[in-house]
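Secondary and tertiary structure notes
Listed below, chain by chain, are the residues.
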Amino acid sequence: MNAIDLVESKYVKPDMPVLLVGDTVRVHINIVESGKKRVQVFEGIVIAKKNGGSRETFTVRKISSGIGVEKVFPLYSPTIAKLEVVRHGDVRRAKLYYLRNRVGTARNVKELREE
């Protein structure tokens, strides 16, 4: 194990679920406003994953009031209180950037059937 892996291993949380591109996730984020803490939920489709190890990030896209909103989250961020996988999507690509141009039911991702 090299020095970088040794340092990064301290920040990796073992209780994180396995995230795949196409999954619908619910991210619970700790937010501090004027000294008060609250939890905000951001639910959407994972359209991209980048990097690896403790530097891994994932991009979540949702539609809010008819406007597309994307957020990039570090997977092992201390601000993430909880990460839930709502459903697994069946996709054939590593990046789902084409969903940005889709409208209506065309932006839906098929659900993965486990048999």
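Keep in mind that this is a model prediction, so the values were computed, not measured.

Section: the pattern of salt bridges
Overall, the coordinates contain 8 salt bridges when judged by the stated rule. A salt bridge links E33 to R38; the shortest N-O distance between them is 3.3 Å. Given the relative accessible area of 37%, R38 is considered partly exposed. For K49, the salt bridge goes to E56, with nearest N and O atoms at 3.4 Å. A residue is classified by how much of its surface remains accessible, and E56, at 15% relative accessible area, is buried. One network of salt bridges, in which partners are shared, links R26, E43, K82 and E84.

Description of the confidence of the model for the chain
Averaged over the chain, the pLDDT score is 90; the fraction of residues at 70 or greater is 97%. Summarising per-element confidence for the chain, the mean pLDDT is lowest in helix 1 (residues 3-8) (81) and highest in strand 2 (residues 36-50) (96).

Looking at the sheet that holds strand 4 (residues 67-74)
Taken in spatial order, the 5 strands of this open sheet run 4-3-2-1-5, and their pairing is antiparallel. A single partner strand is all that each edge strand has here, and the edge strands are strand 4 and strand 5 (80-87). Averaged over all neighbouring strand pairs, the angle between strand axes comes to 40°, with direction disregarded. Note: strand 2 against strand 3 (residues 57-64), 5 bridges, orientation antiparallel. From the neighbouring strand, A48 faces strand 3, where its bridge partner is T59.

Basis of the calculations
- Residues numbered from 1 in each chain as written.
- Predicted model: local features only at pLDDT ≥ 70, side-chain atom pairs only at ≥ 80, totals over all residues.
- Heavy atoms only, no water.
- Salt bridge = Lys/Arg side-chain N within 4 Å of Asp/Glu carboxyl O.
- Buried < 20%, exposed > 50% of the residue type's maximum accessible area, 1.4 Å probe, protein only.
- pLDDT = per-residue confidence, 0-100.
- Helix = DSSP H or I, 4+ residues; strand = E, 2+ residues; numbered from the N terminus.
- Pairing = 2+ DSSP bridges.
- Axes fitted to C-alpha atoms, helices over the stretch in contact; angles between N-to-C directions.

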